[in-house]
Amino acid sequence: DGGITQSPKYLFRKEGQNVTLSCEQNLNHDAMYWYRQDPGQGLRLIYYSQIVNDFQKGDIAEGYSVSREKKESFPLTVTSAQKNPTAFYLCASTPGQGSSYEQYFGPGTRLTVT
Amino acid sequence: DQQVKQNSPSLSVQEGRISILNCDYTNSMFDYFLWYKKYPAEGPTFLISISSIKDKNEDGRFTVFLNKSAKHLSLHIVPSQPGDSAVYFCAASGNTGNQFYFGTGTSLTVIP
């Protein structure tokens, strides 16, 4: 089955620790995205990548970092510099620029930092 | 500044009736619009989309209307079913498709 997997579903960390959220897709999509959702708010773009070894900041990139070493993988690191890391994180992909714009989403990871 | 707005946080509708969810946008460069459905603790799933060259798109019980002059789109669900109860997000993108801008969502409850 093709799709996007995110692991783990729930993640707990102590304040001051970096944490990496996994996102893998087997859809052969070129573009991948990371969003954050907070209660009562829409999805806000953190980072996106159109192609391997290239990525761009979204609206709320501060305190986050990403890498795109493989087409199918786009991990997100939440660093200790992120002031409010507790949130629901969603990874998405699209076939790429010029093709269908529909985004496919993973099931999400809920991160709690205490 | 929020470029895509959903001003109704919640909506309740009786089963069998029509649900109308609204969405407004501010950026005239947006030319592709999408609606997603989301259950708690899950990722959004794509419902229906419309490009700016159209003013209506239908898929079964779901119809999206686009009014470009008013920068407004709406999603109609007819007839509404209890399984439609979820949060609905509208999203918009420009002609590059690089970024998608999401509204804050409308929580729909369909009452049996």
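Given the structure is predicted, the values throughout are model-derived calculations rather than measurements.

**Student:** Would you mind showing me how to read the overall build of chain B here?
**Tutor:** Secondary structure assignment for chain B yields zero helices and 11 strands. Traced from its N-terminal end to its C-terminal end, chain B shows the element sequence β-β-β-β-β-β-β-β-β-β-β. Against the globule reference of 13 Å for 112 residues, chain B gives a C-alpha radius of gyration of 13 Å, in line with a compact fold. When the 112 residues of chain B are sorted by exposure, 46% land in the buried category. Within chain B, contacts between residues separated by at least 24 positions form 55% of all contacts whose residues are at least 6 apart in sequence. As presented, chain B carries roughly 5200 Å² of accessible surface, and 49% of it is formed by carbon and sulfur atoms. Averaging the positions of the 9 positive and the 9 negative side-chain charges in chain B gives two centres separated by 2 Å.

**Student:** Hey, could you run me through the state of the cysteines in this one?
**Tutor:** All names here are of chain B. Applying the stated rule across the entire model yields two disulfides over all chains. Here Cys23 is linked by a disulfide to Cys90, with a sulfur-sulfur distance of 1.9 Å. Residues Cys23 and Cys90 are joined by a disulfide whose S-S torsion is about 65°; by sign, that bridge is right-handed. Of this pair, Cys23 sits in strand S3 (residues 19-25) while Cys90 sits in strand S9 (residues 86-93), placing them 67 residues apart in sequence.

**Student:** Hey, could you run me through the confidence of the model for chain A in this one?
**Tutor:** When pLDDT is low, close inspection of the predicted coordinates is not appropriate. Averaged over all residues, the pLDDT of chain A is 91; the fraction at 70 or higher stands at 96%. Averaged over each element, pLDDT in chain A is lowest for strand S10 (residues 104-105) of chain A (92) and highest for strand S7 (residues 64-66) of chain A (97).

**Student:** For this particular structure, what's the right way to read the packing of aromatic side chains?
**Tutor:** Tallied over the full model, the rule gives 14 aromatic pairs over all chains. Taken together, a centroid distance of 6.0 Å and an interplanar angle of 20° make the contact between Tyr33(A) and Tyr48(A) stacked. In this pair, Tyr33(A) sits in strand S4 (residues 31-37) while Tyr48(A) sits in strand S5 (residues 43-51), placing the two residues 15 residues apart along the sequence. Judged by relative accessible area, Tyr33(A) falls into the buried class, the value being 0%. Residue class for Tyr48(A) comes out buried when judged on its relative accessible area of 8%. The interplanar angle of 40° and the centroid separation of 4.7 Å between the aromatic rings of Tyr25(B) and Phe33(B) together place this pair among those described as tilted. Comparing Tyr25(B) with Phe33(B) shows no difference in burial state: the two are buried. Through a chain of ring-to-ring contacts, three or more aromatic side chains come together here, namely Tyr33(A), Tyr35(A), Tyr48(A), Phe105(A), Tyr36(B), Phe46(B), Phe100(B) and Phe102(B). It is Arg68(A) that lies over the ring of Phe74(A); its NZ or CZ is 6.0 Å from the centre.

**Student:** What is the right way to look at the sheet that holds strand S8 (residues 76-78) of chain A in this model?
**Tutor:** The pairing of strands in a sheet happens through backbone hydrogen bonds and is either parallel or antiparallel. All names here are of chain A. The four strands are arranged S1-S3-S8-S7 in an open sheet whose pairing can be described as antiparallel. Edge strands, defined here as strands with exactly one partner in the open sheet, are strand S1 (4-7) and S7. Within the sheet, the average angular offset between the axes of one strand and its neighbour, ignoring direction, is 20°.

**Student:** What exactly am I supposed to notice about the nonpolar core here?
**Tutor:** Within soluble globular proteins, side chains that are nonpolar generally end up buried alongside one another. Counting 23 residues, the largest nonpolar core has Phe33(B), Trp35(B), Leu73(B), Leu75(B) and Tyr88(B) as its most contacted members. Of all the secondary structure elements, the ones that give two or more residues to this core are S3, strand S4 (32-38), strand S5 (45-51), strand S7 (62-67), strand S8 (72-77), S9 and strand S11 (106-111) of chain B. The element that contributes the greatest number of residues to this core is S9(B), accounting for four residues. Among the nonpolar cores identified, the runner-up in size contains 21 residues, and Val19(A), Leu21(A), Ile60(A) and Ala87(A) belong to it.

Quick notes on the rules
Residues numbered from 1 in each chain as written. Chains lettered and ligands numbered in written order. Predicted model: local features only at pLDDT ≥ 70, side-chain atom pairs only at ≥ 80, totals over all residues. Heavy atoms only, no water. Helix = DSSP H or I, 4+ residues; strand = E, 2+ residues; numbered from the N terminus. Rg over C-alpha atoms; globule rule 2.2 N^0.38 Å. Buried < 20%, exposed > 50% of the residue type's maximum accessible area, 1.4 Å probe, protein only. Contact = heavy atoms within 4.5 Å. Areas by Shrake-Rupley, 256 points an atom, 1.4 Å probe, with all protein chains shown as cover. Lys, Arg positive; Asp, Glu negative; His and termini not counted. Charge placed at Lys NZ, Arg CZ, Asp CG, Glu CD. Disulfide = S-S within 2.5 Å. pLDDT = per-residue confidence, 0-100. Phe/Tyr/Trp six-rings, centres within 6.5 Å; stacked < 30°, edge-to-face > 60°. Lys NZ or Arg CZ within 6 Å of the ring centre and 35° of its normal. Pairing = 2+ DSSP bridges. Axes fitted to C-alpha atoms, helices over the stretch in contact; angles between N-to-C directions. Core = buried A, V, L, I, M, F, W, Y, C linked by side-chain atoms within 4.5 Å.

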